[in-house]
Amino acid sequence: MTRIKRGCIARRRRTKIRLFASSFRGAHSRLTRTITQQKIRALFSAYRDRGRQKRYFRRLWITRINAAIRGNLVYYSYSIFIHNLYKKQLLLNRKILAQIAILNINCLSMISTEIIK
């Protein structure tokens, strides 16, 4: 019986992994074992940070809204503003409110005076 060589399949698998790690520095892009370790680590970090990114952006939006409200002196705090938004059933999410706070502060003051009425 003839000997079966696996070179082609193994090489194809390794080159696929190497293409993933081609932008890594040093041995992380050259040695197969460290490439696989770095690939696992990179994919795990990407998965973890997708959740963190959502959290960080929400914190940023809340900070921007709070700063705009306190600077406008219509409300004393962010929590009172959001509570009154829900009571009046104005369905504006935090992302949109933060964009309004940055781009058009007069519109935010109009919204806040509408809530007070």
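Residues numbered from 1 in each chain as written. Predicted model: local features only at pLDDT ≥ 70, side-chain atom pairs only at ≥ 80, totals over all residues. Heavy atoms only, no water.

Help me understand the overall build of the protein chain, please; the structure alone is not making it clear to me.
On a plain count of helices and strands, the protein chain comes out with five helices and zero strands. Its helices and strands taken in sequence order, the protein chain reads α-α-α-α-α from the N to the C terminus. Here the protein chain has a C-alpha radius of gyration of 26 Å; the compact-globule value for 117 residues is 13 Å, and the former is much larger. Overall, the C-alpha framework of the protein chain stretches about 90 × 30 × 20 Å when taken along its three principal axes. The 117 residues of the protein chain split such that 21% are buried. For the protein chain, contacts bridging at least 24 residues in sequence account for 41% of all contacts bridging at least 6. (Helix = DSSP H or I, 4+ residues; strand = E, 2+ residues; numbered from the N terminus. Rg over C-alpha atoms; globule rule 2.2 N^0.38 Å. Buried < 20%, exposed > 50% of the residue type's maximum accessible area, 1.4 Å probe, protein only. Contact = heavy atoms within 4.5 Å.)

Explanation requested: the nonpolar core in the structure shown.
Most often, soluble globular proteins keep nonpolar side chains buried together rather than apart. The biggest cluster of nonpolar side chains holds 14 residues, and the ones touching the most others in it are Ile65, Phe81, Ile82, Leu85, Leu97, Leu108 and Ile111. Elements supplying a minimum of two residues to this core: α2 (32-72), α3 (78-87), α4 (94-103) and α5 (105-116). Not counting residues within four places of it along the chain, the set of residues in contact with isoleucine 82 comprises Arg94 and Leu97. (Core = buried A, V, L, I, M, F, W, Y, C linked by side-chain atoms within 4.5 Å.)

What exactly am I supposed to notice about the environment of phenylalanine 20 here?
Topologically, phenylalanine 20 is positioned in helix α1 (residues 7-20). Residue phenylalanine 20 is classed as partly exposed on the basis of its relative accessible area of 35%. In sequence terms phenylalanine 20 and lysine 39 are 19 residues apart; their C-alpha atoms lie 7.5 Å from each other. If sequence neighbours within four positions are ignored, phenylalanine 20 has contacts with Lys39, Ala42 and Leu43.

Mind showing me how you'd approach the UniProt feature "transmembrane region" (unreviewed entry) in the protein chain here?
Per the UniProt annotation, the sites labelled "transmembrane region" (unreviewed entry) are residues 56-76 and 96-116. Taken end to end, residues 96-116 comprises 95% helix and 0% strand; its first and last C-alpha atoms sit 20 Å apart. (UniProt positions renumbered as here; feature names shortened; annotations may be inferred.)

So what exactly am I meant to see when it comes to α2 here?
For the α-helix, the turn length of 3.6 residues means that residues three or four positions removed from each other point alike. The end-to-end C-alpha distance of α2, which contains 41 residues, comes to 58 Å, matching closely the 60 Å that a straight helix rising 1.5 Å per residue would cover. Every buried residue of α2 is accounted for by Ile35, Gln38, Ile65, Ala68 and Ile69. In this structure, the buried residues of α2 make contact with α1, α3, α4 and α5. (Expected span 1.5 Å × (residues − 1).)

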